[in-house]
Amino acid sequence: MAWTFSAARVREIVVAPKCISPEQKVEFSSQGEGKELNVLLDLIDGGSHHLRLVVSAGRADVPESYAAAFLLNNRRVRGIDHSKIERKRYYRKPHIPKGWHENVLDYTLPAAEQNRHDALPDFQPRDLRDFLREVCQHWNIQIEFGEDLW
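The model shown is predicted, which means the values in this text are computed figures rather than measured ones. (Residues numbered from 1 in each chain as written. Predicted model: local features only at pLDDT ≥ 70, side-chain atom pairs only at ≥ 80, totals over all residues. Heavy atoms only, no water.)

1. Topic: the overall build of the protein chain
Of the regular secondary structure elements, the protein chain holds 2 helices and 11 strands. Counting from the amino terminus, helix and strand elements in the protein chain follow one another as α-β-β-β-β-β-β-β-β-β-β-α-β. By the burial criterion, 39% of the 150 residues in the protein chain qualify as buried. Nonlocal contacts in the protein chain, meaning residues at least 24 apart in sequence, comprise 41% of its contacts between residues at least 6 apart. (Helix = DSSP H or I, 4+ residues; strand = E, 2+ residues; numbered from the N terminus. Buried < 20%, exposed > 50% of the residue type's maximum accessible area, 1.4 Å probe, protein only. Contact = heavy atoms within 4.5 Å.)

This is the structure:
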């Protein structure tokens, strides 16, 4: 299936106010030592797109194992995760920065250029609750942080 969203349109959707779809049960499920949250999102203005937020923790007590993905029509268009080291492509400029970064995917570009990694120097979650809060703030997702979420 061809990708029909321009980079500008994806950016508009990412920054637009969103909320968890009302029919969704918002809670982390256990995945071995980790946890995962996988929910559908709605645009507050009522626009209809298939949006999804996936937050996972390889180990719930290790923030560097956390990752988040924002999906549009079942394709990842943004991601947030951590890299322990800086990675370079062909010994040139950094391809993946050390620390927290955001993956910005643009499927209109050639395959080798589709996934950009932007450093997030102010993104410093202390625990899974804080990670989810920062991810939601970064992608403009409104969520209730009740005790049943954990």
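What follows picks up the thread again.
2. Re the pairing of strand E4 (residues 51–57)
Where burial is concerned, most of E4 is hidden: 5 out of the 7 residues are buried. Strand direction decides the pairing type here: strand E3 (residues 34–43) and E4, joined by 7 bridges, are antiparallel. Across the sheet, the residue bridging to leucine 37 is valine 55, located in E4. Across 7 bridges, E4 lies against strand E5 (residues 66–72) in antiparallel orientation. Its bridge partner lying in E5, valine 54 is registered against alanine 69. (Pairing = 2+ DSSP bridges.)

3. Concerning the packing of aromatic side chains
One pair of aromatic rings is described through two measures. These are the centre distance and the angle between the planes. One pass over the full model with this rule turns up 7 aromatic pairs. With a centroid separation of 5.2 Å and an interplanar angle of 65°, the aromatic rings of tryptophan 3 and tyrosine 107 are classed as edge-to-face. Here tryptophan 3 is found in the segment before helix H1 (7–15), whereas its partner tyrosine 107 is found in the loop between strand E9 (99–105) and strand E10 (115–119), with 104 residues between them in sequence. For tyrosine 107, a relative accessible area of 17% gives the class buried. Arranged with centres 5.7 Å apart and planes meeting at 90°, the rings of phenylalanine 123 and phenylalanine 131 form a pair that is edge-to-face. Residue phenylalanine 123 shares its accessibility class with phenylalanine 131, and that shared class is buried. A connected cluster of aromatic rings, assembled from ring pairs, spans Tyr66, Trp100, Phe123 and Phe131. (Phe/Tyr/Trp six-rings, centres within 6.5 Å; stacked < 30°, edge-to-face > 60°.)

4. Observations regarding the confidence of the model for the protein chain
Per-residue confidence for the protein chain gives a mean pLDDT of 88, with 87% of residues at or over 70. Averaged pLDDT values over the elements of the protein chain bottom out at 60 in strand E7 (residues 87–88) and peak at 97 in E5. (pLDDT = per-residue confidence, 0-100.)

5. With respect to the nonpolar core
Grouped together as the largest cluster of nonpolar side chains are 35 residues, with contacts concentrated most on Leu53, Val55, Ile80, Phe131 and Trp139. For this core, the secondary structure elements donating two or more residues are H1, E3, E4, E5, strand E6 (75–83), E9 and helix H2 (128–138). Broken down by element, this core gets its largest block of residues, 5 residues, from H2. Contact partners of isoleucine 80, with chain neighbours within four places excluded, come to Tyr66, Ala67, Ala68, Trp100, His101, Glu102, Leu120, Phe123, Phe131, Val135, His138 and Trp139. (Core = buried A, V, L, I, M, F, W, Y, C linked by side-chain atoms within 4.5 Å.)

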